[in-house]
Amino acid sequence: MFLAAFGAATILPFQSEVVFAGIQLAGSVPLGLLILVASVGNVLGAVVNYVLGRGIERFQDRRWFPVSPASLDRARGWYGRWGVWTLLLSWAPLGDAFTVVAGVLRTPFWLFLLLVTIAKTGRYLFLAWATASIAG
């Protein structure tokens, strides 16, 4: 479960919901432990994206860098005002991009970790509830 959740949080095209639901339905792991392992794996995958974002900025003077300096400054202003809250959507399909942007725009790591942990854990709590509801 850890590897599936970790991979799903990186920029790799992978989903962990099927693995999570399968393990939950099998009943082979206590639900609390399953949620914990999935959440930790997913948060650590998001940390990889954050670190990639922090590191890619050093290439902003290169011609191939996808964002102009003026656009990056505008993004910093916008993100500084309310963009950090997009990390609460880091569980969503495009959420991986938010975690990279958080690194590029130097979101304080403690805040990044707090918001992403809330989002990712909330995702697995909801998935556990939905799986239990559907399974009866």
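The structure we're discussing is the one just above.
Quick word on the layout of surface pockets
- Its volume calculated, the largest pocket comes out at about 290 Å³.
- Class assignment for the residues of the lining of the largest pocket results in 10 nonpolar, four polar and four charged.

Thoughts on the packing of helix α3 (residues 31–56) against helix α6 (residues 109–135)
- With their axes 9 Å apart at the nearest point, α3 and α6 run at an angle of 140° to one another. Of the possible angle classes, the one that applies to α3 and α6 is oblique. As α3 runs across α6, the sense of the crossing is right-handed. Across from L31, I35, A38, S39, N42, V43, A46, V47 and Y50 in α3, the residues of α6 making contact are F109, F112, L113, V116, T117, K120, T121, R123, Y124, L125 and A128.

Looking at the pattern of salt bridges
- Inspection of every chain in the model, using the stated rule, returns one salt bridge.
- Across the pair R123 and E17 runs a salt bridge, and its minimum N-O distance is 2.3 Å. Of this pair, R123 sits in helix α6 while E17 sits in helix α2 (residues 17–26); the two residues are 106 residues apart in sequence, bridging distant segments of the chain.
- Since its relative accessible area comes to 11%, R123 is described here as buried.
- With a relative accessible area of 24%, E17 lands in the partly exposed category.

Comments concerning the side chain of N42
- Within the fold, N42 resides in helix α3.
- Only 2.6 Å separates the side chain of N42 from the backbone oxygen of A5, close enough to count as a polar contact.
- Setting aside anything within four residues of it in sequence, one finds N42 in contact with A5, F6, A8, A9, K120, R123 and Y124.

Basis of the calculations
Residues numbered from 1 in each chain as written. Predicted model: local features only at pLDDT ≥ 70, side-chain atom pairs only at ≥ 80, totals over all residues. Heavy atoms only, no water. 1 Å grid on protein atoms, 1.4 Å probe; cavity = no way out; pocket = protein on both sides within 12 Å on 5 of 7 lines; lining within 4 Å. Points joined across faces, edges and corners; volume = space filled by probe spheres on them. Nonpolar A, V, L, I, M, F, W, Y, C, P; charged D, E, K, R; others polar. Axes fitted to C-alpha atoms, helices over the stretch in contact; angles between N-to-C directions. Helix = DSSP H or I, 4+ residues; strand = E, 2+ residues; numbered from the N terminus. Parallel < 35°, antiparallel > 145°, perpendicular 65-115°, else oblique. Left-handed = near helix turned anticlockwise from the far one by under 90°. Contact = heavy atoms within 4.5 Å. Salt bridge = Lys/Arg side-chain N within 4 Å of Asp/Glu carboxyl O. Buried < 20%, exposed > 50% of the residue type's maximum accessible area, 1.4 Å probe, protein only. Polar contact = N/O pair within 3.5 Å; in protein donor to acceptor, adjacent residues only side chain to side chain.

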